[in-house]
Amino acid sequence: MGKQGSHKSLRPEFQGWHSKTLLLHGLKSDSSKCSYCRGLNVGKKHIRAIVVMFGLLGCLFLLDSLVISYFEFTNLQPSAASNSSSVFQGRDSYIYSKQSPVYMYERLLNLASSALAEKEFKQESSNLWVEPFRQASLWKPCAERKVQTNPRKPVQNNGYILVSANGGLNQQRVATCNAVAVASLLNATLVIPKFLYSNVWKDPSQFGDIYQEEYFMNILKDDIKLEKELPPHMKSLDVEAIGSQITDADLGKEATPANYIKVVLPLLLKNGVVHFLGYGNRLGFDPMPSDIQRLRCKCNFHALKFVPKIQQIGSLLIQRIRKYGARHSMLDTQLLGKFIHNNEYHEAKRGSEKYLALHLRFEIDMVAYSLCEFGGGEEERKELQAYRERHFPLFLERLKKNSTSISPKHLRKLGRCPLTPEEAALVLAGLGFKRETYIYLAGSHIYGGNSRMEPFTSLYPNVITKETLLTYNELEPFRNFSSQLAALDFITCASADVFAMTDSGSQLSSLVSGFRTYYGGHHAPTLRPNKTRLAAILRENDTIRWNRFEVRVKKMILEAQKAGIRSYGRSIYRNPRCPECMSKHH
């Protein structure tokens, strides 16, 4: 987390002040000593005793002054340590009062530290920064082509579709693409989606605050009908009162096209409008007509471009990490638009040629909901239980009714526990990433703050976040908009030379890895640990040799990187390698 140099910056000032104070005290002592001797005419032993006494008092006075000055100075000028604390803690973190580091695998950490020290000065070639399988480069994007519509479809419009999407940035992105698909399926006009305000995300951002509205409409104009709002004569309609409001209760999760035609189409034809309230993942991936599937890919990978404000700061982030700024790759071009040409060399040159982005999902809600334990003992157990009682009361009620509860130890064995920062660092060390690797941390609201990040930063000190890379003024326009902040993480993760995740179920990790698959060719590897296999490896913490640990971790990651075609029912947003989205060239 940058240079922890607060004490070094204090020393010269203290040294200067220290010498001046000693000089003053010395002069005072000498004059006091002489006048005292002349006036009282006492023996040498008494004089020495008095001088020692005055010397001690002077030292105590000096020490007291130094301590007071130190705290005044550190309050005025926050050190790098306090900066990193604020980064890792964030508004959602819960910090142990003792602030002591929490270790679960101290032996392995020591082995990892020794191994990284040995590699530090070795100039060895590394294949960590490229896709390991040649098949990845054979797949090329093709979803931008116009979707071939069915000529038997009626030409008239069946009505208007309103969408109120819930969740954060990535849930809303999925909802938007699904809404585009449904509008095509039902031959309806889609009104630009609205984003619901959430007490969790606390972000009032709407579609046009995050994505380029005109660009979105232009890209999809040949595929579906799009409007910014309902026509004037329909604005006064009470959609709920006329029975045209669709909720999750009306449509099951991963609903099929047949479900939409049965449930939604009759209401659309009857009232001319339907409103999907709290719309999310309410459209399955299979079975799906190929033209609808291609349209979803076109929406996700081509139509949704971040607004210039987000692109510009995203470009700034990348340039401040990379020594040579953004690359002119398909990935960076799609993410940054015209801002790919930004040149801030004097700022960027302090970075690295390559960087790894890590989405470390270790927030308090994830940790508490998992029911796992993470080495923090009784204090941690009480803290997480208090959080559950406050935020997940219904979840706890269901747990009480379920007599077959699973122990935290067994949950870890099954791979159901979020990876700690310590575990993530061990995986990176096992793969062979060097100590000086620049690591961009997405999210950064880490449960436990610095006490949890200490094992990670002891192995990899070059941890950076948007909060440390951007100035206060640069970050200020995004500060109260969590979705826009998430968009900056999306750009920086998608553009990274390597992207690592700790939870493959995360929407950000899923969408970022899909974006890298679509545009990255064989230059955008993604690391996805198998938590069940990793738990089995880590259970041997007390006995496993480091070279054996490396072999097993590398094998685990390599097997997850195989460039296979999307399997039935799996997300095309996460794995677009399918004929509807990408074409395979031999």
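Anything mentioned here points back to the structure above.
Small disclaimer: the values here were computed from a predicted structure and weren't measured. (Residues numbered from 1 in each chain as written. Predicted model: local features only at pLDDT ≥ 70, side-chain atom pairs only at ≥ 80, totals over all residues. Heavy atoms only, no water.)

1. Some details on the nonpolar core
- Core analysis: the largest hydrophobic core is formed by 91 residues, its most contacted members being I161, F216, Y260 and F276.
- It is helix α5 (residues 169–185) that contributes the most residues to this core, ten residues altogether.
- Both domains that furnish three or more residues to this core are identified here as domain 1 (106–127 + 307–362 + 418–584) and domain 2 (160–303).
- Once you skip the residues sitting within four places of it in the chain, F276 turns out to touch I161, L162, V163, S164, V182, I246, L251, Y260 and V264. (Core = buried A, V, L, I, M, F, W, Y, C linked by side-chain atoms within 4.5 Å. Buried < 20%, exposed > 50% of the residue type's maximum accessible area, 1.4 Å probe, protein only. Helix = DSSP H or I, 4+ residues; strand = E, 2+ residues; numbered from the N terminus. Domains from an automatic or database assignment. Contact = heavy atoms within 4.5 Å.)

2. Focus on the packing of α5 against helix α9 (residues 290–303)
- Contact geometry of α5 with α9 gives a least axis separation of 9 Å together with a crossing angle of 140°. It follows from the interaxial angle that α5 and α9 lie oblique. Classified by chirality, the crossing of α9 by α5 is right-handed. Taking contact as the criterion, the partners of R173, T176, C177, N178, V180, A181, S184 and L185 in α5 are, on α9, I292, L295, R296, C299 and N300. (Axes fitted to C-alpha atoms, helices over the stretch in contact; angles between N-to-C directions. Parallel < 35°, antiparallel > 145°, perpendicular 65-115°, else oblique. Left-handed = near helix turned anticlockwise from the far one by under 90°.)

3. What to know about the pairing of strand β8 (residues 355–359)
- Summarising burial for β8: five of the five residues are buried, a large majority.
- With burial as the criterion, each face of β8 is covered, one bearing Y355, A357 and H359 and the other bearing L356 and L358.
- Sheet topology note: the β8/strand β9 (residues 438–442) ladder contains five bridges and is parallel. Among the inter-strand pairings, L356 is bridged to a residue of β9, identified as I439.
- Examined bridge by bridge, β8 and strand β11 (residues 498–501) share four bridges and lie parallel to one another. (Pairing = 2+ DSSP bridges.)

So far we have only geometry, and geometry alone does not tell us how the molecule works.
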